[in-house]
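Chain by chain, the residues run as shown.
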Amino acid sequence: MRVLAIDHGTKRMGIAVSDEMKMIAQPLEYIAAEPFANFLTRLKTIVREKEVELIIVGMPRNMNGSYGPAALKVQEFVAVLKDAIITPIQTWDERLTSAQANRFLIEGNVRREKRKEKVDKMAAAILLQSYLDSLA
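The following paragraphs examine the structure supplied in this document. All figures in this text were calculated on a predicted structure; none of them were measured in a lab. (Residues numbered from 1 in each chain as written. Predicted model: local features only at pLDDT ≥ 70, side-chain atom pairs only at ≥ 80, totals over all residues. Heavy atoms only, no water.)

1. Topic: the overall build of the protein
The condition that has to hold: What counts as a helix is a DSSP run of H or I of at least four residues, what counts as a strand is a run of E of at least two, and both are numbered from the N terminus. Our radius of gyration looks at C-alpha atoms and nothing else; its globule reference is 2.2 Å times the residue count to the power 0.38. Throughout, exposure labels follow a simple rule: accessible area from a 1.4 Å probe, protein chains only, divided by the maximum for the residue type, with under 20% read as buried, over 50% as exposed, and the rest as partly exposed. To measure how exposed things are, a 1.4 Å probe is used in the Shrake-Rupley method; for residues, cover is taken only from the protein chains shown.
A count of helices and strands for the protein gives four helices and five strands. Element order for the protein, N to C, with α for helix and β for strand: β-β-β-α-β-α-β-α-α. Computed over the C-alpha atoms, the radius of gyration of the protein is 14 Å, within 12% of the 14 Å expected from 2.2 N^0.38 for a compact globule of 136 residues. Its C-alpha atoms give the protein principal-axis dimensions of about 40 × 35 × 35 Å. When the 136 residues of the protein are sorted by exposure, 42% land in the buried category. Summed over all atoms, the accessible surface of the protein reaches about 7,800 Å², with 52% contributed by carbon and sulfur.

Now the structure itself:
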């Protein structure tokens, strides 16, 4: 069984999945956030195919640890997801994951237009690796 991470975004949702031993996070893909029904269909397919036992959703926090408007959107998203999917869902602190993902892609000499399509799934992988590391 695997763990799946979602980097929530208004345009794209980054998806990453762990290996079966829950040690290594791998960026998988991004899914367009709208229309939501299409997002949900694709997510359910991935959860079934990858035999996911837990979904981690990145919870944006301010640098001082407080929650802002983006966190409220994620809370609403998680509430809707919990009604639509039977797999357990939990949130995880995602501070600086997108910035870190951008930095990795820049260091890897990924062109700007390609970075846009890779940053969300990379941020999800960073988020997931953080969660997996906390289990060790």
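2. Remarks on helix 4 (residues 112–135)
Keep this limit in mind: Expected span of a helix: the number of residues minus one, times 1.5 Å. It only takes one pair of heavy atoms within 4.5 Å for two residues to be counted as in contact.
For helix 4, which comprises 24 residues, the first-to-last C-alpha distance of 34 Å matches the rise-based estimate of 34 Å (1.5 Å per residue) to within 8%. Of the residues making up helix 4, those classed as buried are Arg115, Val119, Asp120, Ala123, Ala124, Ala125, Ile126, Leu127, Leu128, Tyr131 and Leu132. Buried positions along helix 4 lie against strand 1 (2–7), strand 2 (12–18), strand 3 (25–32), strand 4 (52–59), strand 5 (89–93) and helix 3 (97–107).

3. A look at the pattern of salt bridges
We count it as follows: What makes a salt bridge here is a side-chain nitrogen of Lys or Arg within 4 Å of a carboxyl oxygen of Asp or Glu, nothing more.
According to the stated counting rule, one finds five salt bridges in the structure shown. For Arg42, the salt bridge is made with Glu29, and the minimal N-O distance between the two is 2.8 Å. In this pair, Arg42 is assigned in helix 1 (residues 36–49) and Glu29 in strand 3, connecting sequence segments 13 residues apart. Relative accessible area serves as the criterion here: at 30%, Arg42 is assigned to the partly exposed category. A salt bridge links Glu113 to Arg111; its shortest N-O distance comes to 2.9 Å. Judged by relative accessible area, which is 58%, Arg111 ranks as exposed.

4. Brief notes about the packing of aromatic side chains
For clarity, the cut-off: Whether two aromatic rings pair depends on their centres lying within 6.5 Å, for rings of Phe, Tyr and Trp, where Trp uses its six-membered ring; planes under 30 degrees apart make the pair stacked, over 60 edge-to-face, and the rest tilted. The criterion is that NZ of a Lys, or CZ of an Arg, lies within 6 Å of the ring centre and within 35 degrees of the ring normal, and then a charge sits over that ring.
With the rule as written, the count across this model stands at four aromatic pairs. Seen in terms of ring centroids, Phe36 and Phe77 are 6.3 Å apart; in terms of plane orientation they differ by 85°. Their pairing is edge-to-face. Taken together, the residues span a long stretch of sequence, with Phe36 in helix 1 and Phe77 in helix 2 (residues 69–84) at a distance of 41 residues. Feature note: the residues Phe36, Phe39 and Phe77 constitute an aromatic cluster, connected by ring pairs. The residue whose ring lies beneath Arg12 is Tyr30, and the NZ or CZ to ring-centre distance is 5.8 Å.

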